[in-house]
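Coordinate inspection notes
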Amino acid sequence: MALKIKTPKVSWSRQQLVINDFVFTLELRWMSREAVWVADMFDTTGASVLTGVALSSNVSLDSRYYIPELVGGNLWVVRVKGSSPDITRDNLGSSFLLMYFTYEEAISAGLR
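This section reports on the structure supplied with the text. Just so it is clear, the model here is predicted, and its values are computed rather than measured.

1. Notes on empty space enclosed by the protein
Enumeration according to the criterion identifies one cavity of 30 Å³ or more in this entry. Approximately 40 Å³ is the volume found for the largest cavity. Considering the residues around the largest cavity, the lining is formed by Thr7, Pro8, Val10, Ser13, Leu28, Trp37 and Leu92. Split by residue class, the lining of the largest cavity holds five nonpolar, two polar and no charged.

2. A word on the environment of serine 83
As for its position among the elements, serine 83 is in the loop between β7 (73-79) and β8 (96-102). Spatially, the C-alpha atoms of serine 83 and serine 95 are 8.6 Å apart, while their sequence positions differ by 12 residues.

3. Re the pairing of β7
The buried count for β7 comes to six of seven residues, which makes it a mostly enclosed element. Relative to β7, strand β6 (residues 59-60) is paired through two bridges, and the arrangement is antiparallel. Bridging across to β7, serine 60 finds its partner in tryptophan 76. Strand direction decides the pairing type here: β7 and β8, joined by seven bridges, are antiparallel. In the sheet register, valine 78 faces β8, and the bridge partner there is leucine 97.

4. With respect to the sheet that holds β8
As summarised here, the arrangement of the four strands in space is β1-β8-β7-β6, forming an open sheet in which the pairing is antiparallel. Because the sheet does not close on itself, it has two edges, and the strands there are β1 (3-5) and β6.

5. Notes on the environment of alanine 54
Mapped onto the elements of the fold, alanine 54 is located in strand β5 (residues 48-54). For alanine 54, a relative accessible area of 41% corresponds to the partly exposed category. As for alanine 54 and arginine 89, which are separated by 35 residues in sequence, their C-alpha atoms are 13 Å apart. When sequence neighbours within four positions are dropped, the list of residues in contact with alanine 54 reads Val36, Trp37 and Val38.

6. Quick word on the pattern of salt bridges
Evaluated as defined, the whole model comprises three salt bridges. Across the pair arginine 29 and glutamate 27 runs a salt bridge, and its minimum N-O distance is 3.7 Å. The class of arginine 29 is partly exposed, set by a relative accessible area of 21%. Owing to a relative accessible area of 9%, glutamate 27 belongs among the buried residues under this scheme. Between arginine 29 and aspartate 40 there is a salt bridge whose closest N-O contact spans 2.2 Å. Here arginine 29, found in strand β3 (residues 22-31), pairs with aspartate 40, found in strand β4 (residues 36-42); they are 11 residues apart in sequence, far enough to count as distant. When its relative accessible area of 3% is taken as the criterion, aspartate 40 is described as buried. Here the residues in one salt-bridge network are Arg14, Glu27, Arg29 and Asp40, joined through shared partners.

Calculation criteria
- Residues numbered from 1 in each chain as written.
- Predicted model: local features only at pLDDT ≥ 70, side-chain atom pairs only at ≥ 80, totals over all residues.
- Heavy atoms only, no water.
- 1 Å grid on protein atoms, 1.4 Å probe; cavity = no way out; pocket = protein on both sides within 12 Å on 5 of 7 lines; lining within 4 Å.
- Points joined across faces, edges and corners; volume = space filled by probe spheres on them.
- Nonpolar A, V, L, I, M, F, W, Y, C, P; charged D, E, K, R; others polar.
- Helix = DSSP H or I, 4+ residues; strand = E, 2+ residues; numbered from the N terminus.
- Buried < 20%, exposed > 50% of the residue type's maximum accessible area, 1.4 Å probe, protein only.
- Pairing = 2+ DSSP bridges.
- Contact = heavy atoms within 4.5 Å.
- Salt bridge = Lys/Arg side-chain N within 4 Å of Asp/Glu carboxyl O.

Right, dumping it as structure tokens:
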């Protein structure tokens, strides 16, 4: 089953997550000038795993990165309600969700 990742209703957040026994820190920040959410991911040592990835609807955050600990799936931003094509400061976590899908789940959801 796909894993929904909590996205706090603040313009900058940092949370520790565990997916497939991989512990990492996910940082989300709203860039008001560009009107975009940006994600960074760090391992337990603080080393950058991915940096400055803009969130887009129905696009995987980590598809362009090789993250061996997440083999078998990807982090996605998916629109779950509404018709807005854009992720805004206020609709991440409601109209758009950050989720982890296995490859099979992504195919079933029409993301691949």
